[in-house]
Amino acid sequence: LISHQLPIDGSVYEPNRTMSYLTGKTRLAFLCFFASHIPITLMIDAQAFLPHSFFPQIALDVVKWYTNTFNDQLMTPPYDTWFSAVVGCEIFLQLLFFFVAVHSLWTNGRSVDGSGWFRTACLVYGSHTATTMAPILATIWNDISAEKIQKALLFSVYLPYLLFPLWLVFIAATSENVFGPAPSKPKVS
């Protein structure tokens with residue numbers, strides 16, 4: 001079907017927008033992103049904001065291994081004040097959205113209206129997160145203590161936390177309903 005032609009049955013033609021809605025593989029990708037983000041926020045990222053006495057030894061060991069392996073200066077104490085503030089926002093502003101997003105995506109949008117408050121929350125979360133990632137990625141790239149390969153590897157660890165929120169903003173900004181168009185109701189004769 002050529003995009004300027006109308007379908008034979010008279011219905012409105014809409015180009016394939018598979019990645020423009022939270023459906024199919026896109027929904028699954030976001031479900032995995034948000035579900036994995038919950039334990040990462042609680043056990044890993046939160047160490048840059050909360051006292052280390054709050055965490056089990058295994059979580060402390062994982063961060064120590066990670067910072068040694070990837071030379072992540074942001075997650076190495078003492079933490080920069082600005083970075084701790086960003087992590088505080090992640091804990092107190094974003095974490096609740098992760099749970100809501102997982103529930104909404106798990107139920108395939110049946111539990112929330114994808115054109116209402118959830119769409120707005122997607123825009124707010126995505127914009128906020130993408131904005132906070134700019135100084136994080138710039139700090140990684142400008143770290144003079146790291147070699148280029150270390151910077152590239154660390155950059156690739158953080159990059160999904162920029163790309164997924166930007167993708168979510170795109171979906172929410174270009175769709176009336178983030179879960180896709182409502183199914184057509186059958187015509188009653």
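From a predicted model like this one, the values you see are computed outputs, not experimental measurements.

To continue, consider the overall build of the protein. Broken down by element type, the protein carries six helices and zero strands. Reading the helices (α) and strands (β) of the protein from amino to carboxyl end gives α-α-α-α-α-α. Counting every position in the protein, which comprises 189 residues, the buried fraction comes to 39%. Counting only carbon and sulfur atoms, one obtains 67% of the accessible surface of the protein, whose full area is about 11,400 Å².

One pass over the full model with this rule turns up 20 aromatic pairs. Measuring from centroid to centroid gives 5.1 Å for F33 and F34, while their planes differ by 70 degrees, and the two rings are edge-to-face. Per residue, the accessibility class of F33 equals that of F34, and both read buried. Here F98 and Y125 contribute two aromatic rings whose centre-to-centre distance is 5.9 Å and whose plane-to-plane angle is 85 degrees, an arrangement assigned as edge-to-face. One end of the pair, F98, is in helix α3 (residues 81–106); the other, Y125, is in helix α4 (residues 117–141), and 27 residues separate them in sequence. Each member of the pair, F98 as well as Y125, is classed as buried. Joined through ring pairs, the aromatic side chains of F30, F33, F34, F97, F98, W117, F118, Y125, Y161, F164, W167 and F179 make up one cluster.

This brings us to a nonpolar patch on the surface. A surface patch of nonpolar side chains, about 250 Å² in accessible area, is lined by L42, M43 and F99. Mapped onto the elements of the fold, L42 is located in helix α1 (residues 24–44).

At the junction of P77 and P78, the peptide bond is cis and its omega measures out at -5 degrees in the coordinates. Within the secondary structure, P78 sits in the loop between α2 (57–70) and α3. Unusually for a residue other than glycine, N71 sits at a positive phi of about 55 degrees. Structurally, the position occupied by N71 is in the loop between α2 and α3. Phi angles above zero are rare outside glycine, and N108 is one such case at about 60 degrees. Inspection of the secondary structure assignment puts N108 in the loop between α3 and α4.

The next thing to look at is the confidence of the model for the protein. On average, residues of the protein carry a pLDDT of 89, and 86% of them reach 70 or more. Confidence drops under pLDDT 50 across residues 1–7; counting only partners more than four residues distant or on other chains, this segment forms six contacts.

Bringing helix α5 (residues 148–158) into the picture now. When α5 is considered as a whole, its buried residues turn out to be K151, L154 and Y158. Down the axis of α5, the sector holding all buried residues measures 75 degrees, keeping them to one side. Away from its buried face, by an angle of more than 90 degrees, α5 presents the exposed residues K148 and I149.

Moving on, we come to the packing of α4 against helix α6 (residues 160–174). Between α4 and α6, the shortest axis-to-axis distance is 8 Å and the interhelical angle comes to 150 degrees. Like other packed secondary-structure pairs, α4 and α6 cross with a definite hand, here left-handed. On α6, the residues that touch R119, C122, L123, Y125, G126, S127, T129, A130, M133 and L137 of α4 are Y161, L162, P165, L166, L168, V169, A172 and A173. A class-by-class count of the residues in the contact of α4 with α6 yields 14 nonpolar, three polar and one charged.

In this section: the environment of V157. Take V157: it is sitting in helix α5. V157 sits in the partly exposed class, given a relative accessible area of 30%. For the pair V157 and F70, spaced 87 residues apart in sequence, the C-alpha separation works out to 9.1 Å. With residues near it in sequence (within four places) discarded, V157 still touches Y66 and F70.

Here is what the cut-offs are and how they apply
- Residues numbered from 1 in each chain as written.
- Predicted model: local features only at pLDDT ≥ 70, side-chain atom pairs only at ≥ 80, totals over all residues.
- Heavy atoms only, no water.
- Helix = DSSP H or I, 4+ residues; strand = E, 2+ residues; numbered from the N terminus.
- Buried < 20%, exposed > 50% of the residue type's maximum accessible area, 1.4 Å probe, protein only.
- Areas by Shrake-Rupley, 256 points an atom, 1.4 Å probe, with all protein chains shown as cover.
- Phe/Tyr/Trp six-rings, centres within 6.5 Å; stacked < 30°, edge-to-face > 60°.
- Patch = residues over 30% accessible without salt bridge, like charges linked within 9 Å, V, L, I, M, F, W, Y side chains within 5 Å.
- Salt bridge = Lys/Arg side-chain N within 4 Å of Asp/Glu carboxyl O.
- pLDDT = per-residue confidence, 0-100.
- Contact = heavy atoms within 4.5 Å.
- Arc of directions from axis to C-beta.
- Axes fitted to C-alpha atoms, helices over the stretch in contact; angles between N-to-C directions.
- Left-handed = near helix turned anticlockwise from the far one by under 90°.
- Nonpolar A, V, L, I, M, F, W, Y, C, P; charged D, E, K, R; others polar.

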